[in-house]
Amino acid sequence: PYAPFRVGLQSYSLRHFGLDDALARTQALGLTYWEAFPNHMPISDDPKVIADYQQKLKSHDITLLAYGVVDFNNDEADARKKFDFAKSMGIRVLSAYPKPDSFGVLDRLVEEYKIDIAIHNHGPGDDLYDTFDKTLKAIDGHNPRIGACDDTGHFLRSNISPLSAARKFGKRLYDIH
C-alpha cells in the first residue's frame, strides 16, 4: 500500500520485547519489512542460529531488508563478520556508525559483498554525523554503496528537516528511520 516504498519497522522500536514478540507485534501492525536491531538478532556465524532467525521471519511473513545500527572501525576481520552475517541473512543494507578510519575497509567490502552501508545520524551531540553535511563530507569520494540513513527523529532533534536531508542525500539515501 506504500508503493513504491517498502515500509517496515526498525525493531529498535520494539526493543523492550523479545524477538518472537517483536515479530508478532510487527505482523499485527500489518507490516512485512524489518530492519533488525542487533539485540533482537545478535550477529552470528552459526548456521543453526541463522536458520532459526530465517524461520522466525518467514513464519511471521516478514522480510529482513536491513540491519543495524552497527559500528565499524579499521578492523577488517570484524567488518567481515558483519558483512558475512548480512549476506547469510539476505540483508541489503547495514545501517552503520563508521569511524573515519573504517572507510578504506568499507570501500572494499561494500563492493565485494554488494551490500550497502547507510550511515546513521545520532542527533545532537554526535560529533561525526549529527548533520547531513557531515555525512555527505564523510561519503565524498567513497564507493557509491556507502550512503546515508535518514533517522528522522534524530534530525528533528537537531533542528534539521528530514526531508531536506533526504533531498541532499539523493540517490545515496539507503535507509530511513
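Conventions and cut-offs
Residues numbered from 1 in each chain as written. Predicted model: local features only at pLDDT ≥ 70, side-chain atom pairs only at ≥ 80, totals over all residues. Heavy atoms only, no water. Buried < 20%, exposed > 50% of the residue type's maximum accessible area, 1.4 Å probe, protein only. Helix = DSSP H or I, 4+ residues; strand = E, 2+ residues; numbered from the N terminus. Pairing = 2+ DSSP bridges. Right-handed = clockwise from strand over helix to strand, strands pointing away. Phe/Tyr/Trp six-rings, centres within 6.5 Å; stacked < 30°, edge-to-face > 60°. 1 Å grid on protein atoms, 1.4 Å probe; cavity = no way out; pocket = protein on both sides within 12 Å on 5 of 7 lines; lining within 4 Å. Points joined across faces, edges and corners; volume = space filled by probe spheres on them. Nonpolar A, V, L, I, M, F, W, Y, C, P; charged D, E, K, R; others polar. Arc of directions from axis to C-beta. Contact = heavy atoms within 4.5 Å.

**What to know about the pairing of strand E4 (residues 93–98)**
- E4 sits mainly inside the fold: six of its six residues count as buried.
- Burial along E4 is two-sided: the face carrying Val93, Ser95 and Tyr97 and the face carrying Leu94, Ala96 and Pro98 are both buried.
- Here six bridges tie strand E3 (residues 63–72) to E4, and the two strands are oriented parallel to one another. By the bridge assignment for E4, glycine 68 is matched with serine 95.
- Handedness of the crossover is the feature at issue here: the chain leaves E3, passes through helix H3 (residues 76–89), returns alongside E4, and the resulting connection is right-handed.
- Relative to strand E5 (residues 116–120), E4 runs parallel, the two being bridged by four bridges. Directly across from leucine 94, in E5, lies its bridge partner isoleucine 117.
- Handedness of the β-α-β unit built from E4, helix H4 (residues 103–113) and E5 comes out right-handed.

**Remarks on the packing of aromatic side chains**
- Within this structure, the stated rule accounts for seven aromatic pairs.
- Look at tyrosine 67 and phenylalanine 85: their rings are 5.1 Å apart centre to centre, the planes differ by 65°, and that puts the pair in the edge-to-face class. Placement of tyrosine 67 in strand E3 and of phenylalanine 85 in helix H3 is noted, with a sequence separation of 18 residues between them.
- For tyrosine 67, a relative accessible area of 1% puts it in the buried group.
- For phenylalanine 85, a relative accessible area of 1% corresponds to the buried category.
- Consider the rings of tyrosine 97 and tyrosine 129, whose centres lie 5.4 Å apart with planes at 85°: the pair is edge-to-face.

**Section: the layout of surface pockets**
- For the largest pocket, the calculated volume is near 710 Å³.
- Forming the boundary of the largest pocket are 20 residues, of which Arg6, Leu65, Tyr174, Asp175 and Ile176 lie nearest the centre.
- Its residues assigned to classes, the lining of the largest pocket shows twelve nonpolar, three polar and five charged.
- One number sums up the size of the second largest pocket: a volume of about 260 Å³.
- Lining of the second largest pocket is provided by Gln10, Tyr12, Ser13, Phe37, Gly68, Val69, His120, Asp151, His154 and His177.
- Among the residues making up the lining of the second largest pocket, the classes are represented as three nonpolar, six polar and one charged.

**Some remarks on H4**
- Taken together, the buried positions of H4 are occupied by Phe103, Val105, Leu106, Leu109, Val110 and Tyr113. Within H4, the buried residues cover an arc of 140° as seen down the axis, which keeps them to one side.
- Here the buried face of H4 lies against E3, H3, E4, E5, helix H5 (132–139) and strand E6 (146–150).
- Count one or two residues on from H4 and you reach lysine 114, which has phi positive near 60°.

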